[in-house]
Amino acid sequence: MILCSSAEQLTCKWLFLLTVIGNLFLFFRAPLPHRMLHNLAEKYGDLMYLRLGFTPCIVVSSPALADYIHKNHDTEFSSRPDGLITGILNGDSQSVSMAKHGDLWKTLRSICWQILRPANIARYETRRMEEINIMLQSIQIAAEAGETVDLSSMLYKLSSNSMTQMLINRRYFTAGGNEENLREAVIFKKMISERLKIASQFAIGDYIPYLRFIDYLFRYNAKAQEIQSMTMRVCDEIMNLEERRRRLTREENGDAQAVREEDFVDDLLSIQAEYTADNSRKIKLTDHQIKLLVQDMLVAGTETSATTVDWAMAELLCHPKVLQQLRSEIVTVVGSRSAVTEQDTKQMPYLNAVVMETLRLHPAAPLNLPRESKGACLFLGRYQLPAKTRVIFNTHSIHRSLEAYDSPNAFKPERFLGVPQANVSGSSFFQLSPFGFGKRVCPGQALGTISVCAALANLVHRFAWSLPCGLPPSHLDMIESFGLTAPRRCPLILLPTPRLKV
Ligand code: HEM
């Protein structure tokens, strides 16, 4: 194992000679790699150097170091590493989330900001609220019948339906709709589950290129290719870009019969038309890139938000006083109304603090997304890091910094009272960076936060919650699992009781 007990030891050359795959074995044995790295950081310091096979890697575990990197190496460390499976699943790393730092990524990224800017997401508030209402109605039915609900699964469906409603003006996770929609729903869900399966495979050749043949023996490349082709076919069928383009042109020409879908894909087609007309732009927006952008937003925006609300509900059950205080705040703002709107949540500082504290203790991406250095660079003024050094930001550790927080393992929303949401923008206040930071910071932060706040406030306002069979909250399993995100490892099965007359 190659570790430094302090930054001073980073260049201990002899350590490089230690076994090639030793550090990788650490990960094989660790179902929760962020916790394993956190334990190592407590022993060896907030900067560690590992060799993952042939890949040099640094692990950053403190807000101070994150701050240092942001100020001194943001551009250098803003690239993403190559990966056999992730590369294929992201259209040869052409998607915004996996593209290397460069002109293509900058263009896609600015398009993402345009789509996800607060003014644009506000246009879709009604659709998001509709989805919350549908969820509340099914909980109400269960509550009146005295039945439990699988809240984790409901939150996943809510998040997924909200995203597809905004992206492609469709919902796939409830019964109903016409025949065509049902068929679409089946292929859509199959595509999502197949992607999740292949994305969780570990390709050893990414770290030890001589062993790439093992990945080929397992046919990871072929399977990923099949699934990516299927994704693109599904996108073709569902989005029907040609038909939409025709409709948009007719609408521009004053045809009142041509009704827009009013969704992100239509927004993207308008941007595409603008880019095509602008001769000064070297990079245009292709249909393929539109599909990858939709794919990216769907993958990045669904599980992250659902997982966060799930954790918040679990923490609130374990902390009844916090739950009570939150409820009082909601009642103060909404009065006798049963629905809490997104606008209402903006007047709820305690709700904001609860969400921030949840994101601190349970960041949806505890190891952030992988980054790598573009070229060789001098780190901390002393250490020469080679090009393509993997940079792991251990958000789980950063959020438990003893310098930044008293009792860092305790759930105490009060610590964030008075801290505005804007602070979590990834350019200051690194002790809380659930959305990553710097140039690569999550562009969906505003949408993610408002969706989480609205879902949580409504769940708390409308129902009282308890564990089934009168079990005390101490029975709740508060350990996460590790995958694309870090949800609780057991589904949240709860008994709702209606609080309001609706
Ligand atoms: C609670 C909700 C969310 C959390 C906790 C979250 C977290 C993150 C994190 C940690 C990253 C990596 C940033 C980095 O490398 O420094 C990221 C990237 C990204 N997120 Fe989010 N996210 C959330 C919601 C969303 C939503 C709703 C969308 C869009 C609909 C979205 C779209 C993206 C995209 C496109 C990237 C890649 C950015 C790039 O590589 O340039 N996220 N997110």
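Here the structure is a predicted model, which means the values were calculated and not measured. The residue count restarts for each chain, going from 1 along the sequence in the order it is written. Where totals are concerned, whole chains, interfaces and linings use all residues; where local detail is concerned, this predicted model gives features only for residues with pLDDT of at least 70, and gives and counts side-chain atom pairs only at 80 or more. Water and hydrogen atoms play no part in the side-chain values, which are based on all heavy atoms of the structure.

Here a strand is any run of E in DSSP of at least two residues, a helix any run of H or I of at least four, and the numbering for each starts at the N terminus. Helix span, as expected, comes to 1.5 Å for every residue beyond the first. Taking 1.5 Å of rise per residue, the 20 residues of helix 12 (residues 220–239) would be expected to cover 28 Å, and the 28 Å separating its terminal C-alpha atoms lies within 8% of that figure. Remark: Asn240 follows helix 12 within two positions and exhibits a positive phi of approximately 45°.

A separate point is the sheet that holds strand 8 (residues 463–466). The sheet built from three strands is open, its strands ordered 3-9-8 with antiparallel pairing. Both edges of this open sheet fall to strand 3 (149–150) and strand 8, since each of them pairs with a single strand only. Looking at chain direction, strand 8 and strand 9 (residues 493–498) are connected through four bridges and run antiparallel. The partner of Ala464 across the bridge, within strand 9, is Thr497. Any two strands with at least two DSSP-identified bridges between them are counted as paired.

On to the coordination of the iron atom of the ligand, then. Here a donor is an N, O or S atom found within 2.8 Å of the metal, or within 3.2 Å if the metal is Na, K or Ca; sites may look incomplete because water is not among the atoms. Protein coordination of the iron atom of the ligand is limited to a single donor, Cys442 (SG), which sits 2.3 Å from the metal. Summarising the element assignment, Cys442 is placed in the loop between helix 19 (395–398) and helix 20 (445–462).

To continue, consider unusual backbone geometry. The phi dihedral of Ser93 falls on the positive side, at around 55°, and the residue is not glycine. Here Ser93 shows up in the loop between helix 5 (84–89) and helix 6 (103–116).

For the rest of this paragraph, the subject is the sheet that holds strand 7 (residues 390–393). Taken together, four strands build an open sheet; the order of strands is 1-2-7-4 and the sheet is mixed. Two strands close off the open sheet at either side, each with one partner strand: strand 1 (47–52) and strand 4 (371–372). Relative to strand 2 (residues 55–60), strand 1 runs antiparallel, the two being bridged by six bridges. Note that in strand 2 the partner of Leu47 across the bridge is Val60. Residue contacts are counted whenever heavy atoms from the two residues lie within 4.5 Å of one another. Inter-axis angles, ranging from 0 to 180 degrees, are taken between N-to-C directions of lines fitted to C-alpha atoms, where helices are fitted over the stretch in contact. Strand contacts of helix 3 (residues 33–44): strand 1, strand 2 and strand 7, with the helix running at about 125° to strand 1, the strand carrying the most contacts.

What follows covers the site of the ligand. Proximity is defined per residue: any heavy atom of the residue falling within 4 Å of a molecule or strand makes that residue near it. Taken together, 28 residues form the shell around the ligand, and within it Arg80, Arg109, Arg371, Arg440 and Cys442 come nearest. In the analysis that follows, any N or O atom pair within 3.5 Å is treated as a polar contact, provided that within protein one partner can donate a hydrogen and the other can accept it, and provided that, for residues neighboring in sequence, both atoms belong to side chains. A distance of 3.3 Å separates an oxygen atom of the ligand from a polar side-chain atom of Asn368. Here an oxygen atom of the ligand and a backbone polar atom of Phe437 are 3.3 Å apart. Contributions of two or more residues to the shell around the ligand are made by helix 6, helix 15 (287–318) and helix 20. Considering every element that reaches the shell around the ligand, the biggest residue donor is helix 15, with six residues. Counted by class, the shell around the ligand contains 15 nonpolar, nine polar and four charged residues. Each residue is assigned to one of three groups, with Ala, Val, Leu, Ile, Met, Phe, Trp, Tyr, Cys and Pro labelled nonpolar, Asp, Glu, Lys and Arg labelled charged, and all others, Gly among them, labelled polar.

Turning next to the packing of helix 12 against helix 15. Between helix 12 and helix 15, whose axes approach to 10 Å, the crossing angle comes to 100°. By the angle between their directions, the pair helix 12 and helix 15 is classed as roughly perpendicular. Between helix 12 and helix 15, the residues in contact are Gln228, Thr231, Met232, Cys235, Asp236 and Met239 and His288, Lys291, Leu292, Val294 and Gln295, respectively. Residues belonging to the contact of helix 12 with helix 15 are distributed by class as follows: five nonpolar, four polar and two charged. Angle categories are assigned with fixed cut-offs, so that under 35 degrees is roughly parallel, over 145 is roughly antiparallel, 65 to 115 is roughly perpendicular, and the rest are oblique.

Patch membership is restricted to residues that have no salt bridge and whose relative accessible area is over 30%. Joining uses 9 Å for like charges and 5 Å for the nonpolar side chains Val, Leu, Ile, Met, Phe, Trp and Tyr. Reported accessibility uses the Shrake-Rupley method at a 1.4 Å probe radius. Residues are deemed covered only where the shown protein chains occlude them. Salt bridge, as applied in this entry: a Lys or Arg side-chain nitrogen positioned within 4 Å of an Asp or Glu carboxyl oxygen. The grouping of Phe25, Phe28 and Phe202 at the surface amounts to a nonpolar patch, some 290 Å² of accessible area in total. Within the fold, Phe25 resides in helix 2 (residues 22–28). The class for Phe25 is partly exposed, based on a relative accessible area of 42%. Three exposure classes are used, based on accessible area relative to the maximum for each residue type with a 1.4 Å probe and protein chains only: buried under 20%, partly exposed in between, and exposed over 50%.

Within the secondary structure, Cys318 is located in helix 15. Between the C-alpha atom of Cys318 and that of Met191, which follows or precedes it by 127 residues, the distance is 36 Å. Residues contacting Cys318, with those up to four places away along its chain left out, are Pro473, Leu476 and Met478.

The next point concerns the packing of helix 8 (residues 125–144) against helix 9 (residues 151–168). Closest axis-to-axis distance for the helix 8/helix 9 pair is 9 Å, and the angle between their directions is 155°. Here helix 9 runs roughly antiparallel to helix 8, going by the angle between their axes. Remark: the crossing between helix 8 and helix 9 carries right-handed chirality. Residues Arg127, Arg128, Glu130, Glu131, Ile132, Met135, Ser138 and Ile139 of helix 8 pack against Leu151, Met154, Leu155, Leu158, Asn161, Ser162, Gln165 and Met166 of helix 9. When grouped by side-chain class, the residues that make up the contact of helix 8 with helix 9 number eight nonpolar, four polar and four charged. The hand of a helix crossing depends on one turn: near helix anticlockwise from the far one by less than a right angle means left-handed, and clockwise means right-handed.

Before going further, it helps to examine the UniProt feature "binding site: heme" (unreviewed entry) in the protein chain. UniProt positions are given in the numbering used here, feature names are shortened, and annotations may be inferred rather than shown by experiment. Here the UniProt-annotated "binding site: heme" (unreviewed entry) positions come out as Cys442. Those residues in contact with Cys442 that sit more than four places away from it in its chain are Trp113 and Phe435.

Okay, the pairing of strand 9 next. Relative to strand 9, strand 3 runs antiparallel, the two being bridged by two bridges. Across the sheet, Asp150 pairs through a bridge with Ile493, a residue of strand 9.

Here the protein chain averages 90 in pLDDT, while 94% of its residues score no lower than 70. Predictor confidence is given residue by residue as pLDDT, running from a minimum of 0 to a maximum of 100. Scored below 50 in pLDDT, residues 1–9 makes 32 contacts in the model with residues more than four places away or belonging to other chains. Every residue in residues 11–17 scores below 50 in pLDDT, and together they form seven contacts with partners more than four places removed in sequence or on other chains. Here the complex is predicted with pTM 0.93, and the ipTM for its interfaces comes to 0.99.

All right, on to the packing of aromatic side chains then. Aromatic pairs are defined between Phe, Tyr and Trp rings, using the six-membered ring for Trp, whenever the two ring centres lie within 6.5 Å; interplanar angles under 30 degrees are classed as stacked, those over 60 as edge-to-face, and all others as tilted. One pass over the full model with this rule turns up 13 aromatic pairs. With 5.6 Å between their ring centres and 80° between their planes, Phe54 and Tyr210 make a pair best called edge-to-face. A residue pair is termed long-range when its members are at least 10 positions apart, and Phe54 in the loop between strand 1 and strand 2 and Tyr210 in the loop between helix 10 (179–199) and helix 11 (212–217) qualify at 156 residues. Residue classification places Tyr210 among the exposed residues on the basis of a relative accessible area of 65%. Summarising the aromatic geometry, the rings of Tyr405 and Phe416 are spaced 6.2 Å apart at their centres and angled 75° between planes, so their arrangement reads as edge-to-face. One end of the pair, Tyr405, is in the loop between helix 19 and helix 20; the other, Phe416, is in the loop between helix 19 and helix 20, and 11 residues separate them in sequence. Owing to a relative accessible area of 6%, Tyr405 belongs among the buried residues under this scheme.

Counted according to the given criterion, the structure contains 32 salt bridges. With a closest N to O distance of 3.1 Å, Lys412 and Asp406 form a salt bridge. Taking the relative accessible area as the measure of exposure, Lys412 reaches 28% and is therefore partly exposed. Residue Asp406 is classed as partly exposed on the basis of its relative accessible area, which comes to 48%. Salt bridges linked by common partners bring Glu357, Arg360, Asp406, Lys412 and Arg415 together as one network.

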